[in-house]
Amino acid sequence: MAIEEDVIVIGGGIAGSIAALSAADTGAQVRLVTHKKSTLRHASGLIDVLGYTDGESGPVHDPFTSLDGLPEEHPYSLVGESAIRGGLEIFDTVTDGAYSGAHTDQNALVTTSGGAIKPTARYPTSAAAGLVSDDRSMLIVGFRSLTDFNGELVADHLAAAGVPFEVNGAEIEVPGNYRADARVTRIANALDLNKDLSYNGRTLPAREAFAEAIKPHLGTADRVGVPALLGDDHADDVRADLERSLGVAVFEIPMGPPSYPGLRLEDLLFDALDDAGVRISDGNPAVGYETAADGDTLESITIDRRGREIPYHAEQFILATGGLVGKGINSDRNGVYEPVFNCYVPHSDDRYQWFSEDAFGEHPFATFGVPIDEHCQPLTAEGKTEFSNLRAAGGVIGGVDPTAEKSKSGVSLATGYAAGREAGEAI
Amino acid sequence: MTDAPHVLVIGGGSTGCGIARDLAMRGLEVTLVEKGNLTHGTTGRMHGLLHSGGRYAVSDQASAKECIEENRVLREIASHCVEMTGGLFVQRPEDPDEYFEEKLEGCRECGIPAEVLSPEEAREMEPYLAKDIKRAIKVPDGAIDPFRLCVANAASAQEHGARIETHAEVIDVLVEDGAVVGVEIKHDTGPGKRVHREPGSTEKIHADHVVSATGAWAGKIGDMAGVDVEVRPSKGVMTIMNTRQVDTVVNRCRPKGDADIVVPHETTCILGTTDIEVDDPDDYPEEEWEVDMMIDTLSELVPMLANARTIRSFWGVRPLYEPPGTGTTDPTNITRDFFLLDHEDRDGLSGMTSIVGGKFTTYRMMGEKISDHVCEKFDIDAECRTADEPLPGSHDFSILRDYMDEFGLRSPIGRRSVERLGSRAEEVLKTGEPNPVVCECEAVTRAEIQDAIDQSGSDLNAVRIRTRASMGNCQGAFCCHRMAHELYPTYDEPVAYEAFDELFQERWKGERHALWGEQLSQAMLKYSLHSTTMNADHDAVRTGSAIDFSKFDSGQTTAVAGTAGTETAATDGGLPPANGGDQ
């Protein structure tokens, strides 16, 4: 049976999901095609819109007032403030109750797992009590066997940044008889299901055991931060139970992979896609495409289903396959390319021009991606649209380094919103 | 001990550490100074081949004989640093038959066990060899960890009373009345173990004799003493693969050439190399074509290398030397033999000896000859014991035990830890504390990291070379910060962050030579994790910038869940919330 949609979105990360929701909002029938697990498990789950610009020395306190300073080829300049707001609106609707920050245009400052403070626009509600501009005293708790995070070191580093509150750290043993190298998923699972754990010679439900372990270190702290492993499906209950036992606010500090806030966000996005009637095909890669006789209009993309090549037809297509990490952009010793449509990816022929010698320098590779116009349409080297009915969203778009700017999620939201809307309206 | 002459050894590579151990074991007072970490110069930048001597069996039989002799010694005294992989000299159809025969004959003349294998037999050993190879010679080549070996020599020297000062650069050679009487050094921090942010100092160390074991840098030390030492530094590239495409050392069996060896090393393979003379061992170009040549040429032997993932490349500088007037133009023709330069005989400057040239595999023998020479100067009659006494970690360790249970470690982590630590395993791993894994790629646990920190201070590159942490596929993406966490609270917060930054930048130096395909994707993930997730690139503490906290969102009114009446008032719009939410 032939697959025929109005809009096909390729890629299931933030950009692809928002693009699909945005297109569905216009009344279009949308299919989202994903290959591998999305890179959200690597992502902190914070939604950064714009944290740093070339012109400003410190963190940006209001992303919207800093937009004017961006170069004209920046995706934000191309799609405009309204697309950023449109993307955020969809995001806020989808994550209602699970995320905070929508009450203001200002950036919030959060503590990262590495101890550095970072500006962000939306943060999981589980992280809300940890804002650095809030002056309540803070205790940061780490677990001795969790090598990724050291609560005492993070507390010292926050103090060194001059935060407007008293902050102390503690490193405690994980309650229960876990091996020293037990994965964080086991701990999160025990808290999620409130499993019985042995603690100080007693058997206690996991949440109570953790609260007991933290209590001796509480001192005068008004809030307690822990690495983001407080449960999975029942994370709100875990946090509420801990708060009840401790009598103070509890917040999570976003971590690297596997990132629970990232995974929880992925669940929210996929629930919203289901609710919006978006069809989802997962597990198979897009490997090619067919065009109409004009060579300019895409008719179908080709999906490889275990060796069988199946065409998926649509009127409009959105490329949201991500950047280098998600393999939406690929490379070999000779060059950089976009593997599905072979869209133009500007890069130097000399691969020794792809990087800066400073590990945190201005890396050209961090800007690799397709150039777009104001309609999110990928452009050829000559500045013409690659295909009349193809748009791009998120990390596959190049030209800026959203990692350095802290604009990665925001670019995904804004371009996802704009690409989805324009694709839907073109039907 | 106080009556024993004091010998100062310059250079913490394999040769310097070997000399320090030998002299200390003979009862001399020894100080070793090294400008960087141990292995900082050439030792830390080689392919890790334990020569059978096969490579020199045609061109330089004297070296070949020394190699097979020392190969046998190191298997005994450095068992925890050696993996006897075996080696193959593989002939392709276009490679000359005469050379193959000469190689075989040469091996036999030098006492190197050598066996001819048919292509089928060779491919049975190494299935990924090219299908069209003609035949191969099997020899006892091996892989050796130069870091572990060097550190073990230094540790042994310390056990015998030597003082080892790393990050202590020689800034002057002290000459009085036509004799060298010591050196002046600049401690980066300290003296003692390197600790970031501790102030450095200078120190004049007087000695009865100075030995310069500085390899490619011998000319610079010579200049300070006022003597000419004409080293001919020659660079070579080594490219590290993400996995072991071969488990045997694979050599190309043809007259000298670039890109003719693959050495399996721990979890990786190392491809080598080039041979290009350079003017300055500290400043030479690291070139793209060299990396490409490794992959393109060696894939003639092992075709899968063409599309395999490389994780980094690095360059080393050979300390080649030839006596003045020899005039060899092609560096590949310069002898690999070593030379002992007695500056008293040679330049009329007493009190100093330089050692130049030579090879890693024969470091112990070089150490023995130098130590004999020094002892002769002081009329000391002491036997060399370095060939008989195992290095720390290589003591008898043949009893099979269940380390997984004993140290609470999962296999293969326990197995790899014990392989690295050898007879030190129990001492290091039995801490009585939880021992989580810090580096997953290389299976390095907290106990090993802490042991290395005890030895070397806050220098995480010194921890790296001792443990292999951050040397695997992810190149430290997931463990550089974990290693820094382990410094705390022994060292404070500013030290831990500075040490992290230094390690992170050091890893990048090699990674950037492997930035395409899978490894570019990996590099982007690393950059994202540290920049987006952790914001290390814009950390206000590290950039020294002040943040106006009042300009940012301080949260909206929220309640502590489930606690009726426990209101944490936080106002909207930038005003700080009332302090103290709970009753």
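Rules behind the numbers
- Residues numbered from 1 in each chain as written.
- Chains lettered and ligands numbered in written order.
- Predicted model: local features only at pLDDT ≥ 70, side-chain atom pairs only at ≥ 80, totals over all residues.
- Heavy atoms only, no water.
- Contact = heavy atoms within 4.5 Å.
- Buried area = accessible area lost by both parts, 1.4 Å probe.
- Salt bridge = Lys/Arg side-chain N within 4 Å of Asp/Glu carboxyl O.
- Polar contact = N/O pair within 3.5 Å; in protein donor to acceptor, adjacent residues only side chain to side chain.
- Helix = DSSP H or I, 4+ residues; strand = E, 2+ residues; numbered from the N terminus.
- UniProt positions renumbered as here; feature names shortened; annotations may be inferred.
- Domains from an automatic or database assignment.
- Nonpolar A, V, L, I, M, F, W, Y, C, P; charged D, E, K, R; others polar.
- Phe/Tyr/Trp six-rings, centres within 6.5 Å; stacked < 30°, edge-to-face > 60°.
- Lys NZ or Arg CZ within 6 Å of the ring centre and 35° of its normal.
- Pairing = 2+ DSSP bridges.
- Axes fitted to C-alpha atoms, helices over the stretch in contact; angles between N-to-C directions.
- 1 Å grid on protein atoms, 1.4 Å probe; cavity = no way out; pocket = protein on both sides within 12 Å on 5 of 7 lines; lining within 4 Å.
- Points joined across faces, edges and corners; volume = space filled by probe spheres on them.
- Parallel < 35°, antiparallel > 145°, perpendicular 65-115°, else oblique.
- Left-handed = near helix turned anticlockwise from the far one by under 90°.
- Core = buried A, V, L, I, M, F, W, Y, C linked by side-chain atoms within 4.5 Å.
- Buried < 20%, exposed > 50% of the residue type's maximum accessible area, 1.4 Å probe, protein only.

Of the residues lining the interface, 78 residues belong to chain B; the matching set on chain A comes to 86 residues. Buried area between chain B and chain A, summed over both chains or domains, comes out near 7500 Å², and the portion from carbon and sulfur atoms is 57%. At the junction of chain B with chain A, the criterion picks out seven salt bridges. With a closest N to O distance of 2.7 Å, B:Asp537 and A:Lys406 form a salt bridge. Where chain B meets chain A, there are 35 residue pairs in polar contact (both at pLDDT 80 or more). At the level of secondary structure, the elements contributing two or more residues to the side of chain B that touches chain A comprise α7 (288-298), β22 (437-439), α15 (480-487), α16 (493-511) and α17 (517-533) of chain B.

Here, UniProt's "domain: FAD dependent oxidoreductase" (unreviewed entry) annotation points to residues 7-363 of chain B. A distance of 18 Å separates the end C-alpha atoms of residues 7-363 of chain B, which is 25% helix and 29% strand.

Residues and elements named next belong to chain B. Here chain B is described as being made up of domain 1 (6-42 + 147-231 + 335-377), domain 2 (83-141 + 234-318), domain 3 (403-542) and domain 4 (548-583). Taking the mean C-alpha position of each, domain 1 and domain 2 sit 32 Å from one another. Residue-level contacts link seven residues of domain 1 with seven residues of domain 2. Between domain 1 and domain 2, a total of about 590 Å² is buried, with carbon and sulfur atoms accounting for 39% of that surface. Our count for the domain 1 to domain 2 interface comes out at five salt bridges. Here Lys 35 makes a salt bridge to Asp 282, at a shortest N to O gap of 3.8 Å. If you look at where domain 1 meets domain 2, you find six residue pairs in polar contact (both at pLDDT 80 or more). For the side of domain 1 that touches domain 2, the class distribution of residues is two nonpolar, one polar and four charged.

The subject of this paragraph is the packing of aromatic side chains. Following the criterion strictly, the structure yields 14 aromatic pairs over all chains and no others. Put simply, the rings of A:Tyr352, A:Phe355, A:Phe365, B:Trp508 and B:Tyr527 touch in pairs and so form one group of aromatic residues. Just above the ring of A:Phe64 sits the side chain of A:Arg85; from NZ or CZ to the centre is 3.7 Å. Above the plane of the ring of B:Tyr56 lies B:Lys359, whose end atom (NZ or CZ) is 5.4 Å from the centre.

Turning next to the environment of A:Pro227. Residue and element names in this part refer to chain A. On the secondary structure map, Pro 227 appears in strand β11 (residues 223-227). Measuring from C-alpha to C-alpha, the distance between Pro 227 and Asp 401 comes to 27 Å, with 174 residues separating the pair along the chain. What Pro 227 contacts, discounting residues up to four positions off in sequence, is Val 141, Phe 143, Leu 146, Phe 149, Ile 253 and Met 255.

Residues and elements named next belong to chain B. The strand order across the open sheet formed by six strands is β9-β2-β1-β13-β21-β20, and the pairing between neighbours is mixed. Looking along the sheet, the strands with just one partner apiece sit at the ends: β9 (163-165) and β20 (338-342). Adjacent strand axes in the sheet meet at a mean angle of 15 degrees when their direction is disregarded. Judged from the three bridges that link them, strand β2 (residues 29-33) and β9 form a sheet pairing that is parallel. Counterpart to Val 33 in the pairing with β9 is Glu 165. Packing against the sheet, helix α6 (residues 218-225) makes contact with β1 (6-10), β13 (209-212) and β21 (352-357), and its axis sits at approximately 160 degrees to β21.

On inspection of all chains with the given rule, the structure shows seven cavities of 30 Å³ or more. Roughly 120 Å³ of internal volume is contained in the largest cavity. Contributing to the lining of the largest cavity are A:Gly114, A:Leu153, B:His481, B:Ala484, B:His485, B:Ala496, B:Tyr497, B:Phe500, B:His530, B:Met534, B:Ala536 and B:Arg542. When residues of the lining of the largest cavity are traced back to their parent elements, those giving at least two are α15 and α16 of chain B.

The next point concerns the packing of helix α1 (residues 14-25) of chain A against helix α8 (residues 260-275) of chain A. Two quantities define a packed helix pair, namely the angle between the helix axes and the distance between the axes. Residues and elements named next belong to chain A. It is at 10 Å that the axes of α1 and α8 come closest, and there the two elements cross at 20 degrees. When the axes of α1 and α8 are compared, the pair comes out roughly parallel. Viewed along their axes, α1 and α8 form a crossing whose handedness is left-handed. Contact with α1, carried on its side by Ile 14, Ser 17, Ile 18, Ala 20 and Leu 21, involves Leu 265, Leu 269, Ala 272 and Leu 273 of α8 and no other residues of that element. Broken down by class, the residue content of the contact of α1 with α8 amounts to eight nonpolar, one polar and no charged.

A few words now on the nonpolar core. Counting 144 residues, the largest nonpolar core has A:Val9, A:Val30, A:Tyr76, A:Ile301, A:Phe341, A:Phe365 and B:Met483 as its most contacted members. Apart from residues lying up to four places away in sequence, A:Val9 is in contact with A:Gly16, A:Ala19, A:Ala20, A:Val30, A:Arg31, A:Leu32, A:Val33, A:Ile318 and A:Ala320.

Turning to the UniProt feature "domain: BFD-like [2Fe-2S]-binding" (unreviewed entry) in chain B, a few remarks are in order. UniProt records the feature "domain: BFD-like [2Fe-2S]-binding" (unreviewed entry) for residues 437-487 of chain B in the present numbering. Helix and strand shares over residues 437-487 of chain B are 53% and 10% respectively, and the end C-alpha atoms of the span are 15 Å apart.

Turning our attention to the pattern of salt bridges. Side-chain pairing between opposite charges can occur once the charged atoms of the two side chains come close. Residue and element names in this part refer to chain B. Here the structure, examined in full by the defined rule, presents 74 salt bridges over all chains. For Arg 26, the salt bridge is made with Asp 22, and the minimal N-O distance between the two is 2.7 Å. The partner of Arg 364 in a salt bridge is Glu 368, and the shortest N-O contact between them spans 2.9 Å. Placement of the pair is Arg 364 and Glu 368 together in helix α9 (residues 363-377), with a separation of four residues, close to one helical turn. You can call Arg 364 buried: its relative accessible area is 6%. Given a relative accessible area of 23%, Glu 368 falls into the partly exposed group. Salt bridges sharing partners connect three or more residues here, namely Arg 92, Glu 94, Asp 95, Asp 132, Arg 252 and Glu 300.

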